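Descriptive analysis of the structure
Each chain, written out:
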Amino acid sequence: MRMILPPVINASARRLLPNRWDFVAFPLILCVIVLGSTGFRQTLAPLSSLQTEVISLDPGNLPEYALRTILRMLAAMVASLIFTLAYGTLAAKSRRAAKVLVPVLDILQSVPVLGYISFTVAFFIALFPGRVLGAECAAIFAIFTSQAWNMTFSFYQSMRTVPTDLHEVSSSFHLTGWQRFWKLEVPFSMPGLIWNMMMSMSGGWFFVVASEAITVGNNTVILPGVGSFLSQAISERNLGAVGWVILTMTLVILAYDQFLFRPLVAWADKFRMETTSSQSAPESWLLDLIRRTRLIQRSFHPLGATLRTIARMPVRLPRIPVRVPVSAVSSRVGDLLWSALVIIGTLLLAWRVVSFVASGVSVHEVLVVFGLGFLTLLRVAVLIALASLIWVPLGVYIGLRPHLAEKIQPLAQFLAAFPANLLFPIFVVGIVHFNANPDIWLSPLIVLGTQWYILFNVIAGASAFPNDFREAAANFHIRGWQWWRKIILPGIFPYYVTGAITASGGAWNASIVAEMVSWGHTKLIAHGLGSYIAQTTTAGDYPKIILGITVMSLFVIMFNRLLWRPMYAYAESRLR
Amino acid sequence: MENVNTAPILDILDVCCGFDRGQGELKVLDGVNLTLNDGEIVGLLGRSGSGKSTLLRIISGLISATDGTVNYCGHPVDGPAEGVAMVFQTFALFPWLSVLENVEAGLEALGVGAKERRERALAAIDLIGLDGFESAYPRELSGGMRQRVGFARALVVNPTLMLMDEPFSALDVLTAETLRTDLLDLWNDGGLPIKSILIVTHNIEEAVFMCDRILLLSSNPGRVISEIPVPFTHPRNRLDPAFRQLVDEIYAKMTARPSADAERKTGLELKSWLPQVSTNLIAGLIETLAAAPYNGRADMPEIARQLHMEVDDLFPVAEFLQHLGFADMSEGDITLNYYGRQYADFGTQERKQLFADCLLRGVPLASRIKAVLNERPGQRAPRERFKQELEDFLSDDAAEETLDSVINWGRYAELFSYDDQAEMFSLEDVEA
């Protein structure tokens with residue numbers, strides 16, 4: 001694996017100020033999810049508990065399980081792509097839709113991924129009663145929710161920044177909306193989209209593992225795969241089997257990288273907008289191989305030709321006219337009506353959900369949950385700070401040494417992709433053995449998987465640090481603490497913030513699985529919002545699940561808005 | 001002018017274009033008339049803000065005029081017209097398509113079959129001197145080669161009318177000249193299917209070198225102030241005295257005293273758009289003018305050539321000097337006046353003082369900002385306040401640009417300070 005520098009690192013982080021639509025979007029989105037899932041649960045209950053497949057701990061089954069896990073990931077990726085293209089296009093093309101869709105997307109990505117599972121398992125099982133398909137869909141949907149949002153943001157941003165001259169060329173060529181979409185807008189968005197697909201994929205492994213074996217009330221979903229193998233190993237206290245899972249996952253991630261993403265990235269290099277050729281274009285042995293062979297090229301040819309024909313079809317998409325022919329006044333009235341409609345709809349939904357939650361939750365409980373939220377917040381903040389203290393100096397050290405960086409960077413990327421929950425049992429065994437305090441010792445698990453984002457972004461930042469600055473610093477004898485404070489830290493700050501944003505987002509997600517872990521019948525629980533959600537999910541207590549998820553989403557949003565976005569804005573404006 | 005065919009290729013009558021602002025419409029184009037005949041190359045010459053690119057986009061049907069008619073081959077233009085091809089200043093090539101694919105793209109959109117597409121694209125690539133580069137991607141090509149692809153892409157659709165939006169201004173001098181002569185050779189050999197070419201440019205020599213007729217556009221709002229036929233045959237010699245004479249004449253017309261144009265006021269107004277002119281350029285130009293051999297008076301084309309500046313670079317500086325009361329422009333000449341000479345003699349601090357005085361007198365926006373800051377209790381005012389005031393008259397971009405300009409001058413003159421982070425004007429660190 002080799003480092004590919006992010007073109008658009010975290011598209012959503014660029015949206016700086018919360019606007020008033022956020023206040024609409026937040027209740028809107030949560031309520032829609034809640035009502036959709038609970039509605040189904042109520043109408044289609046009682047549900048027969050899903051036929052539970054027996055997972056065998058024979059390592060010989062692992063290849064098959066791994067394959068099924070991979071297929072799940074692929075299915076989710078395809079769904080994410082379709083969602084991205086549709087949602088991003090709609091948001092970019094319609095001003096009114098964007099007003100709602102963009103804040104909604106922002107909220108969607110703040111809702112903890114495992115929170116979606118709690119909501120949606122019941123919904124999907126009800127959709128296909130008594131069939132495995134429902135459970136499969138629930139798992140795929142969970143992975144989808146971990147992948148789709150940042151891809152959509154990236155696509156939306158790209159759509160909005162297509163250069164006007166290219167737009168004018170395609171207009172003067174008389175391209176229809178459909179043709180322009182495939183000929184201009186999609187290719188233009190490709191580099192950012194592929195980068196975000198990679199990021200999504202690397203985050204996705206964590207959730208595929210978590211979503212293959214999950215219990216929501218009386219629905220237990222066990223899908224054959226690497227994740228369920230792990231959970232079986234945990235309940236049988238089989239450390240050897242855990243080892244096999246770790247090995248399998250390592251191979252799977254390496255294979256994914258070599259066979260899917262390296263070729264994709266190498267291929268997508270041509271979509272880069274810069275008109276100068278880069279010194280080191282990404283390479284892929286597989287792509288080179290395919291490009292050199294004639295037979296495979298030929299066999300792909302009909303497929304390519306068909307796709308090209310589809311892209312060429314003069315389909316006229318329903319065009320949203322750029323210059324609205326109606327007068328400015330009536331369009332303003334339309335805007336007002338539309339806003340009013342959205343707000344009223346949101347209020348109605350919110351009222352229904354609040355009354356539903358109120359049926360099972362007291363005011364006291366709400367306060368308790370907020371208290372738990374602060375505990376988890378403390379955990380996340382302290383651990384991100386600790387991880388930064390360790391990895392920033394190390395990352396700088398590595399990044400300033402190109403030979404070292406070349407070796408370490410792929411490793412850091414791999415570690416970021418590796419689902420940390422596979423390693424949890426090892427820690428749990430240790431904690432149980434030493435009888436340590438879970439409130440403290442379960443905490444590191446939160447950043448186990450996500451700290452690597454800090455490391456590899458800092459390495460990338462230090463590698464990209466201009467040599468002129470280093471030489472100037474040496475020339476003026478700037479050393480020691482002054483060197484760190486005035487020279488290198490400001491230099492890597494934008495990269496660090498990018499890494500830390502990703503890491504903290506991941507940490508919140510991980511808290512749901514990291515604050516409550518088990519080894520056989522031993523259960524370790526740390527006090528916090530994550531374990532609250534995990535426990536209420538297992539119990540199937542919907543009002544409490546909703547409360548927990550809502551509070552966590554609120555915390556994530558506030559954390560992002562009050563800490564990361566101002567830092568990102570500062571980095572963008574002052575230090576680039 | 002050779003009128004081969006009686007029906008004009010393009011006929012524009014009273015075209016206006018504007019944007020809605022708070023205080024009525026902001027006009028970019030105001031009553032423009034223009035006719036293109038068969039076999040002509042016509043140049044649209046104007047400074048930035050003259051709306052020449054807007055006019056080009058109206059003709060190509062990319063945007064629509066707010067008023068007036070555009071007839072192309074006898075039919076009103078309504079959306080991108082068939083047979084009109086455009087060449088862009090920025091080349092506008094698709095970076096993910098190879099040269100051949102870029103050239104084919106326009107044909108593909110027309111629904112031309114694969115085989116014919118390939119043949120025609122290769123022919124166009126051949127014609128424009130790009131053979132051997134078919135499979136290259138734009139990023140592998142130099143600027144000149146990229147613009148050749150732009151030409152090939154425009155030519156391959158067999159257009160009747162070719163529109164060129166400052167096609168050579170992103171290229172270095174030598175490359176631009178090669179491309180110009182190559183294009184003219186093709187045009188004069190009759191090797192092109194095109195019936196007429198319309199070039200937008202701000203380079204006077206380029207216009208005289210290539211065009212049969214030049215239309216001069218005024219700025220803010222744009223209207224045709226003069227039509228100048230170019231009587232020379234191709235190939236033209238830039239050093240020919242008659243050629244130079246014509247260039248000088250056009251310079252003179254472009255610097256004509258505002259009195260000639262009744263509606264243009266001599267001084268700047270609060271709502272005027274202010275160009276980005278760096279204070280270093282101001283100092284540099286004044287010093288050059290004050291020194292030998294000019295000794296305070298220079299011929300504009302000559303000084304432009306000497307400083308390697310084009311019309312678009314030189315005019316804003318010269319005009320700003322005029323507004324500040326440092327220099328006067330007339331008949332293509334620029335003359336330093338009393339203040340200008342003083343400025344040239346002064347040291348840094350005195351210069352700043354003089355500049356500050358002149359800025360307050362000559363640029364109403366600067367004195368306005370100073371006055372507002374003096375009035376306010378904390379002596380601070382947000383950028384947004386002035387931006388909103390300007391946006392009643394200017395487009396959003398123009399308002400931003402104007403503010404940036406005045407901030408730059410105000411900082412140099414130490415009239416006020418500005419915090420870019422907080423977007424706040426203040427009188428901190430400014431001596432009273």
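Predicted model, so just to flag it, every value in this text is computed and none were measured. (Residues numbered from 1 in each chain as written. Chains lettered and ligands numbered in written order. Predicted model: local features only at pLDDT ≥ 70, side-chain atom pairs only at ≥ 80, totals over all residues.)

1. Some details on the overall build of chain A
Assigned secondary structure in chain A consists of 22 helices and four strands. Residues counted as buried form 46% of the 576 residues belonging to chain A. Of all intrachain contacts in chain A linking residues separated by at least 6 positions in sequence, the fraction that spans at least 24 positions is 82%. (Helix = DSSP H or I, 4+ residues; strand = E, 2+ residues; numbered from the N terminus. Buried ≥ 20, exposed ≤ 12 C-beta atoms within 10 Å, placed from the backbone. Contact = placed C-beta atoms within 7 Å.)

2. Brief notes about the overall build of chain B
Helix and strand counts for chain B come out as 15 helices and 16 strands. Its C-alpha atoms give chain B a radius of gyration of 24 Å, near enough to 22 Å, the size a compact globule of 432 residues would have. Taken over the C-alpha atoms alone, chain B extends approximately 75 × 45 × 45 Å along its principal axes. Residues counted as buried form 41% of the 432 residues belonging to chain B. Within chain B, contacts between residues at least 6 apart in sequence are counted, and of these 70% link residues at least 24 apart. (Rg over C-alpha atoms; globule rule 2.2 N^0.38 Å.)

3. As for the interface of chain B and chain A
Facing the 19 residues of chain B at the interface are 21 residues of chain A. With four residues, helix H2 (residues 99-110) of chain B is the single largest residue contributor to the side of chain B that touches chain A. The residue inventory of the side of chain B that touches chain A, partitioned by class, reads 12 nonpolar, three polar and four charged. (Nonpolar A, V, L, I, M, F, W, Y, C, P; charged D, E, K, R; others polar.)

4. Considering the domain arrangement of chain A
One frequent convention defines the size of an interface as the accessible area lost when the parts assemble. All names here are of chain A. Here chain A is described as being made up of domain 1 (59-273 + 283-321) and domain 2 (360-576). Between the C-alpha centres of domain 1 and domain 2 there is a distance of 24 Å. Grouping the amino acids of the side of domain 1 that touches domain 2 by side-chain chemistry returns 17 nonpolar, nine polar and one charged. (Domains from an automatic or database assignment.)

5. Observations concerning the sheet that holds strand S6 (residues 84-87) of chain B
Residue and element names in this part refer to chain B. With mixed pairing, six strands are arranged side by side in an open sheet as S6-S7-S8-S3-S9-S10. Only two strands of the sheet have a single neighbouring strand rather than two, namely S6 and strand S10 (224-229). Adjacent strand axes in the sheet meet at a mean angle of 20° when their direction is disregarded. Here five bridges tie strand S9 (residues 213-217) to S10, and the two strands are oriented antiparallel to one another. In the sheet register, Leu 217 faces S10, and the bridge partner there is Val 224. (Pairing = 2+ DSSP bridges. Axes fitted to C-alpha atoms, helices over the stretch in contact; angles between N-to-C directions.)

6. Describing the confidence of the model for chain B
Residue and element names in this part refer to chain B. Across chain B, the average pLDDT comes to 86, with 94% of residues at 70 or higher. Low confidence marks residues 259-265, where pLDDT is under 50. Its contacts with residues over four positions away, or in another chain, come to two contacts. Across the interfaces of the predicted complex, the ipTM metric reaches 0.73, alongside a pTM of 0.79. (pLDDT = per-residue confidence, 0-100.)

7. Considerations on the sheet that holds strand S14 (residues 380-382) of chain B
Residues and elements named next belong to chain B. Read across the sheet, three strands follow the order S14-S16-S15 without closing on themselves; strand pairing throughout is antiparallel. For this open sheet the edge positions go to S14 and strand S15 (417-419), each flanked by a neighbour on one side alone. Looking at each pair of strands side by side, their axes are set apart by 25° on average, direction ignored. Packed on one face of the sheet, helix H14 (residues 383-391) meets S14 and strand S16 (424-426) and runs near 55° to S14.

8. Some thoughts on the pairing of strand S4 (residues 522-525) of chain A
Of the strand pairs in this sheet, strand S3 (residues 516-519) of chain A and S4 of chain A are connected by four bridges, and their pairing is antiparallel. Bridging from a neighbouring strand, Met 516 of chain A pairs with Ile 525 of chain A of S4 of chain A.

9. Things to note about H2 of chain B
Residues and elements named next belong to chain B. Summarising burial for H2: 10 of the 12 residues are buried, a large majority. Regarding H2, the residues found buried are Val 99, Leu 100, Asn 102, Val 103, Glu 104, Ala 105, Gly 106, Leu 107, Glu 108 and Ala 109. Positive phi shows up at Gly 111, right after H2, with a value of about 85°.

10. So, the environment of Leu 348 of chain A
Residues and elements named next belong to chain A. Checked against the element boundaries, Leu 348 lands in helix H12 (residues 328-358). Look at Leu 348 and you get exposed, because 11 C-beta atoms sit within 10 Å. Remark: the alpha-carbon pair of Leu 348 and Asn 467, spanning 119 residues in sequence, is separated by 58 Å.

11. Side note on the confidence of the model for chain A
All names here are of chain A. Mean pLDDT over chain A stands at 80; residues scoring 70 or higher make up 84%. Mean pLDDT values over the elements of chain A span from 63, in helix H1 (residues 21-44), up to 93, in helix H13 (residues 363-399). Of the regions scoring below 50 in pLDDT, residues 1-18 engages in 41 contacts with residues more than four places distant in sequence or in other chains. The low-confidence segment residues 319-326, where pLDDT is below 50, has five contacts with residues more than four positions distant or belonging to other chains.

12. Notes on the environment of Leu 166 of chain A
Relative to the helices and strands, Leu 166 of chain A resides in helix H6 (residues 164-172). We classify Leu 166 of chain A as buried; it has 22 C-beta atoms within 10 Å. In the structure, Leu 166 of chain A is positioned 19 residues away from Glu 185 of chain A in sequence and 9.6 Å away in space, judged by C-alpha atoms. Those residues within four positions of Leu 166 of chain A in sequence are excluded, and the remaining contacts are Leu 184 of chain A together with Ala 92 and Phe 94 of chain B.

13. A few points about the domain arrangement of chain B
Residue and element names in this part refer to chain B. Domain boundaries assigned for chain B yield domain 1 (10-254) and domain 2 (263-432). Relative placement of domain 1 and domain 2: their C-alpha centres are 34 Å apart. With 16 residues of domain 1 at the interface, the matching set in domain 2 holds 14 residues. Elements with a contribution of two residues or more to the side of domain 1 that touches domain 2: strand S1 (10-21) and helix H7 (241-254). The leading source of residues in the side of domain 1 that touches domain 2 is H7, at four residues. Tallied by class, the residues present in the side of domain 1 that touches domain 2 amount to six nonpolar, seven polar and three charged.

14. Details of the nonpolar core
Residue and element names in this part refer to chain A. If you look at the biggest cluster of nonpolar residues, it comprises 150 residues, and the most contacted ones within it are Ala 138, Val 245, Val 458 and Ile 459. Examining the composition of this core, we find that 16 residues originate from one element, helix H5 (residues 132-160), more than from any other. Of the domains in this structure, domain 1 (59-273 + 283-321) and domain 2 (360-576) are the two that each give at least three residues to this core. In contact with Val 245, other than residues within four places in its own chain, are Val 226, Phe 229, Leu 230, Ala 233 and Leu 422. (Core = buried A, V, L, I, M, F, W, Y, C linked by C-beta atoms within 7 Å.)

15. Focus on unusual backbone geometry
All names here are of chain B. In this structure, Pro 235 follows His 234 across a cis peptide bond, with omega equal to -10°. By the secondary structure assignment, Pro 235 is in the loop between S10 and H7. Omega for the peptide link from Ala 292 to Pro 293 comes to 5°, which places this bond in the cis form. Even without glycine at this site, Asp 14 takes up a positive phi of about 50°. When you line up the elements, Asp 14 lands in strand S1. Using a count of 13 C-beta atoms within 10 Å as the deciding quantity, one classes Asp 14 as partly exposed. The phi dihedral of Glu 166 falls on the positive side, at around 45°, and the residue is not glycine. By secondary structure assignment, the location of Glu 166 is in the loop between strand S7 (161-165) and helix H5 (173-188). You can call Glu 166 buried: it has 21 C-beta atoms within 10 Å.

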